[in-house]
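Report on the structure
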Protein chains: 2
Amino acid sequence: MNEVMKNLLTRRSVRAFRSDQVQKEDLEQILQAGLYAPSAMNRQTWQFTVVQGESSRQKLIEAMQKALNNPNYNFYQPPTLILVSNERTNSNAFADTGCTMENMFLAAHSLGLSTVWINQLKDTCDMPEVRKVLDEFGVPASHIVCATVALGYAKDPLPAPRERTGVIKYVR
Amino acid sequence: MNEVMKNLLTRRSVRAFRSDQVQKEDLEQILQAGLYAPSAMNRQTWQFTVVQGESSRQKLIEAMQKALNNPNYNFYQPPTLILVSNERTNSNAFADTGCTMENMFLAAHSLGLSTVWINQLKDTCDMPEVRKVLDEFGVPASHIVCATVALGYAKDPLPAPRERTGVIKYVR
């Protein structure tokens, strides 16, 4: 099995991170992988907003706690968040998001880093307390946050894969 | 740069395929990569319907030509199509589809095969002439076809990458 296949089959979602920050060179490779994902009609209308500073992350977390009415919400506390936003009028935004998220997940895994898909901002990004923070971060008003990468070093060894239950049918 | 990153950065969408069929072992690896993609809440509700027989492909092409009112429509004539369908009630279906499509694209590229995302079935899968064929192929009535992989050997050398125009912002 080639290195690419090994990486595809061993990547796992991780929800507990160490506090040490991601190396700049690794982050740049991960973002480059994201930029190289295909997009419908090659539109590439996505923006990647990298949130690393502790006070910035805390500001977003507090807005989310309010929006979700959950005082414990914390994105699983990774040292880095990558917000993937896209034009709200782009009907292929979520399909494009899946491609670019997966590219970043796989690049991160190949560099010894771990990730998980954060879905909550999709439903809260237009709530006033959250949008105020997104405005400060430079997320365009025309964008929704389709998904967020939680990125860092896994605290624990990667778990075994869950059972694969997807169905394959052959039409010869 | 590691092999995974090289594969991520050199994969291209291809729209002209040779007629020779994909090897069974390669197809199985590509489908396995698709099954190993993450899905929202690990639901894995996708189905992969592999269409390879010439008469079956032709039947689908003819239904699409009718549905699109385009007598030249042909999915770019790859030897293999992989229809990725998902529950129509799954609000994360397109995000999940992006992840699994990208896994299959990257696995294929690592094996010397080429791919492109086919978007047309998304809008036509519930039109009667197309649904009749999907029924025959075993695509569940509860599913929509979110996307299709066109898979085969590229006829021509892979093109250079298009300019990357996605925006990156850092919030320190």
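This text goes with the structure placed above it.
In this report, we go over the structure that sits alongside the text. (Residues numbered from 1 in each chain as written. Chains lettered and ligands numbered in written order. Predicted model: local features only at pLDDT ≥ 70, side-chain atom pairs only at ≥ 80, totals over all residues. Heavy atoms only, no water.)

1. Some points on the state of the cysteines
All chains considered together, the criterion is met by 0 disulfides over all chains. The cysteine Cys 146 of chain B is free of any disulfide, with Cys 125 of chain B supplying the nearest cysteine sulfur at 7.9 Å. (Disulfide = S-S within 2.5 Å.)

2. Things to note about the sheet that holds strand S1 (residues 47-51) of chain B
Taken in spatial order, the 5 strands line up as S5(A)-S1(B)-S2(B)-S4(B)-S3(B) in an open sheet, and their pairing is mixed. The open sheet has two edge strands with one neighbour each: strand S5 (167-171) of chain A together with strand S3 (114-118) of chain B. Between one strand and the next, the sheet's axes are offset by a mean angle of 20°, whatever the strand orientation. Of the pairings in the sheet, the one linking S1 of chain B to strand S2 (residues 80-87) of chain B comprises 5 bridges and is antiparallel in character. Each residue of the ladder has a partner; that of Val 50 of chain B, found in S2 of chain B, is Ile 82 of chain B. Contacts from helix H4 (residues 93-110) of chain B reach S1, S2, S3 and strand S4 (143-152) of chain B within the one sheet, and its direction differs from that of S4 of chain B by about 15°. In the packing of helix H6 (residues 128-137) of chain B onto the sheet, contacts are made with S5 of chain A together with S1, S2 and S4 of chain B, and the angle to S4 of chain B comes to roughly 75°. (Pairing = 2+ DSSP bridges. Helix = DSSP H or I, 4+ residues; strand = E, 2+ residues; numbered from the N terminus. Axes fitted to C-alpha atoms, helices over the stretch in contact; angles between N-to-C directions. Contact = heavy atoms within 4.5 Å.)

3. Comments concerning the sheet that holds strand S4 (residues 143-152) of chain A
The strand order across the open sheet built from 5 strands is S3(A)-S4(A)-S2(A)-S1(A)-S5(B), with neighbouring strands paired in mixed fashion. What marks the edges here is a single partner per strand, and that holds for strand S3 (114-118) of chain A together with strand S5 (167-171) of chain B. Across the sheet, the mean angle from the axis of one strand to that of its neighbour is 20°, orientation sign disregarded. In the packing of helix H3 (residues 54-68) of chain A onto the sheet, the strands contacted are strand S1 (47-51) and strand S2 (80-87) of chain A together with S5 of chain B, and the crossing angle to S2 of chain A comes to about 60°.

4. Comments concerning the packing of helix H4 (residues 93-110) of chain A against H4 of chain B
At a minimum axis separation of 7 Å, H4 of chain A and H4 of chain B run at an interaxial angle of 50°. Regarding the angle of H4 of chain A to H4 of chain B, the classification is oblique. For the crossing formed where H4 of chain A meets H4 of chain B, the hand is right-handed. On the side of H4 of chain A, the interface is formed by Phe 94, Ala 95, Gly 98, Cys 99, Glu 102, Asn 103 and Leu 106 of chain A, while H4 of chain B contributes Phe 94, Ala 95, Gly 98, Cys 99, Glu 102, Asn 103 and Leu 106 of chain B. By residue class, the composition of the contact of H4 of chain A with H4 of chain B is 8 nonpolar, 4 polar and 2 charged. (Parallel < 35°, antiparallel > 145°, perpendicular 65-115°, else oblique. Left-handed = near helix turned anticlockwise from the far one by under 90°. Nonpolar A, V, L, I, M, F, W, Y, C, P; charged D, E, K, R; others polar.)

5. Describing the packing of aromatic side chains
According to the stated counting rule, one finds 6 aromatic pairs over all chains in the structure shown. Measuring from centroid to centroid gives 6.4 Å for Phe 105 of chain B and Trp 117 of chain B, while their planes differ by 70°, and the two rings are edge-to-face. Separated by 12 residues along the polypeptide, Phe 105 of chain B in helix H4 and Trp 117 of chain B in strand S3 bring together distant segments of the chain. Neither residue differs from the other here; Phe 105 of chain B and Trp 117 of chain B are each classed as buried. Geometry around Tyr 36 of chain B places Arg 164 of chain A over its ring, the cationic atom sitting 4.8 Å from the centre. (Phe/Tyr/Trp six-rings, centres within 6.5 Å; stacked < 30°, edge-to-face > 60°. Buried < 20%, exposed > 50% of the residue type's maximum accessible area, 1.4 Å probe, protein only. Lys NZ or Arg CZ within 6 Å of the ring centre and 35° of its normal.)

6. Some remarks on the environment of Gln 32 of chain B
Residue and element names in this part refer to chain B. Tracing the sequence through the fold places Gln 32 in helix H2 (residues 24-35). With relative accessibility at 29%, the residue Gln 32 sits in the partly exposed group. In this structure, the C-alpha to C-alpha distance between Gln 32 and Asn 86, residues 54 residues apart in sequence, is 17 Å.

7. Overview of the side chain of Arg 11 of chain B
With respect to the helices and strands, Arg 11 of chain B occurs in the loop between helix H1 (3-10) and H2. Residues contacting Arg 11 of chain B, with those up to four places away along its chain left out, are Pro 38 of chain A together with Phe 105, Leu 106, His 109, Thr 115 and Val 116 of chain B.

8. Looking at the relation of the copies chain A and chain B
Its rotation angle being 180°, the transformation that places chain A on chain B also includes 0.0 Å of axial translation and leaves an RMSD of 0.0 Å. The superposition of one copy onto the other is thereby described by a two-fold rotation axis. Relative to the rotation axis, the C-alpha of Gly 98 of chain A is the closest in chain A, positioned 1.9 Å from it. Looking at the interface residues of chain A, 100% of them are also at the interface in chain B, so both copies use one shared face. (Least-squares fit on C-alpha atoms with pLDDT ≥ 70 in both.)

9. Examining the interface of chain A and chain B
Of the residues lining the interface, 62 residues belong to chain A; the matching set on chain B comes to 62 residues. When the buried area of chain A at its contact with chain B is split by residue, Tyr 36, Arg 164 and Val 171 of chain A rank highest and sum to 14% of it. The tally of links from chain A across to chain B stands at 0 salt bridges. Connecting chain A to chain B are 30 residue pairs in polar contact (both at pLDDT 80 or more). (Buried area = accessible area lost by both parts, 1.4 Å probe. Salt bridge = Lys/Arg side-chain N within 4 Å of Asp/Glu carboxyl O. Polar contact = N/O pair within 3.5 Å; in protein donor to acceptor, adjacent residues only side chain to side chain.)

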